[in-house]
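# A closer look at the structure
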Amino acid sequence: MTQQGNDGSGSDEMLDREAEDVTLAVMAASRLIVALSARALAAVDVPLTLPQLRSLVALHTCGPIKLAAMAATLGVTPSTALRMAERLEALNLIDRRVNPDNRREVVLRLTGTGEDLVEGVLARRRTEIRSLVERLPARERAGLVPALRALTAAAAGLDLGVDPAGEAGRLAGVVEDPLNPAP
């Protein structure tokens, strides 16, 4: 056990080590999830990158959105988002349409093929994650739930992108109908 000085520095060092251990464990788990995502993606016949899959998942989650909102959601420039949209459209995974209310805006949505692909990749990833979780003893498995919920709750104040259900999503260009994208 660490000796604690009069100033409490031993306790601070222990907390710092604990925070670092948790950080490294979360990063390792994150790499695992990315690897499982890549493996699930590799199982489909369509040659996609993880960023392209991320775009498709964003459309799956948010529904039809403006190209500018897609760029903001992905943290890329509009020109990068446009190139990605063109590639995904060429694969018949998304549909691009001009906003009839503002012809300078482009609205993106998943095609049926895109929906099927995203749902298949997500289902495969979920199955693989579930298989790993089932390998854990019940006690450790149960301990993950509150810990992961707490981590997610701690991120509640962070700006991680567009909230499709909230006002931020509406202002960022998330639309319900690609043929009538005006909010």
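Now for a quick tour of the structure. (Residues numbered from 1 in each chain as written. Predicted model: local features only at pLDDT ≥ 70, side-chain atom pairs only at ≥ 80, totals over all residues. Heavy atoms only, no water.)

## So, the overall build of the chain
Broken down by element type, the chain carries seven helices and three strands. Tracing the chain from N to C terminus, the helices and strands come up as α-α-β-α-α-β-β-α-α-α. Here the chain holds 183 residues, and 26% of them are scored as buried. Long-range contacts, defined as pairs at least 24 residues apart, comprise 56% of the intrachain contacts of the chain with a sequence gap of at least 6. (Helix = DSSP H or I, 4+ residues; strand = E, 2+ residues; numbered from the N terminus. Buried < 20%, exposed > 50% of the residue type's maximum accessible area, 1.4 Å probe, protein only. Contact = heavy atoms within 4.5 Å.)

## Digging into the packing of helix α3 (residues 67-74) against helix α4 (residues 78-90)
At a closest axis distance of 8 Å, the pairing of α3 and α4 adopts a crossing angle of 105°. Taken together, α3 and α4 sit at an angle that is classed as roughly perpendicular. Packed against α3, whose contacting residues are Leu67, Ala71 and Leu74, the element α4 presents Pro78, Ala81, Leu82, Met84 and Ala85 at the interface. The residue inventory of the contact of α3 with α4, partitioned by class, reads eight nonpolar, no polar and no charged. (Axes fitted to C-alpha atoms, helices over the stretch in contact; angles between N-to-C directions. Parallel < 35°, antiparallel > 145°, perpendicular 65-115°, else oblique. Nonpolar A, V, L, I, M, F, W, Y, C, P; charged D, E, K, R; others polar.)

## Observations concerning the environment of Pro64
With respect to the helices, strands and loops of the structure, Pro64 is situated in the loop between α2 (50-62) and β1 (65-66). Residue Pro64 is classed as buried on the basis of its relative accessible area of 14%. Between the C-alpha atom of Pro64 and that of Leu110, which follows or precedes it by 46 residues, the distance is 7.4 Å.

## Some thoughts on unusual backbone geometry
One non-glycine residue, Asn92, lies in the positive phi region at around 60°. Note on placement: Asn92 falls in the loop between α4 and β2 (94-99). Classification of Asn92 by relative accessible area gives partly exposed; the value is 42%.

## Digging into α3
Among the eight residues of α3, six are classified as buried, and the element is accordingly described as predominantly covered. Among the residues of α3, those classed as buried are Leu67, Ala69, Met70, Ala71, Thr73 and Leu74.

## Things to note about the pattern of salt bridges
A full pass over the atoms with the stated rule returns seven salt bridges. The closest approach of N and O atoms between Arg39 and Glu128, which form a salt bridge, is 2.3 Å. Within this pair, whereas Arg39 is found in helix α1 (residues 9-42), its partner Glu128 is found in helix α5 (residues 112-135), the two being separated by 89 residues in sequence. By relative accessible area, which is 14% here, Glu128 ends up buried. Taking the shortest distance from any N to any O, the salt bridge between Glu105 and Lys66 comes out at 3.6 Å. Pair noted here: Glu105 is in strand β3 (residues 102-110) and Lys66 is in strand β1, with a separation of 39 residues, a long-range link. Its relative accessible area of 23% is what places Glu105 among the partly exposed residues. Overall, the relative accessible area of 14% leaves Lys66 in the buried class. Taken together, the salt bridges that share partners define one network made up of Arg39, Arg124 and Glu128. (Salt bridge = Lys/Arg side-chain N within 4 Å of Asp/Glu carboxyl O.)

Taken by themselves, the reported measurements are silent on function.
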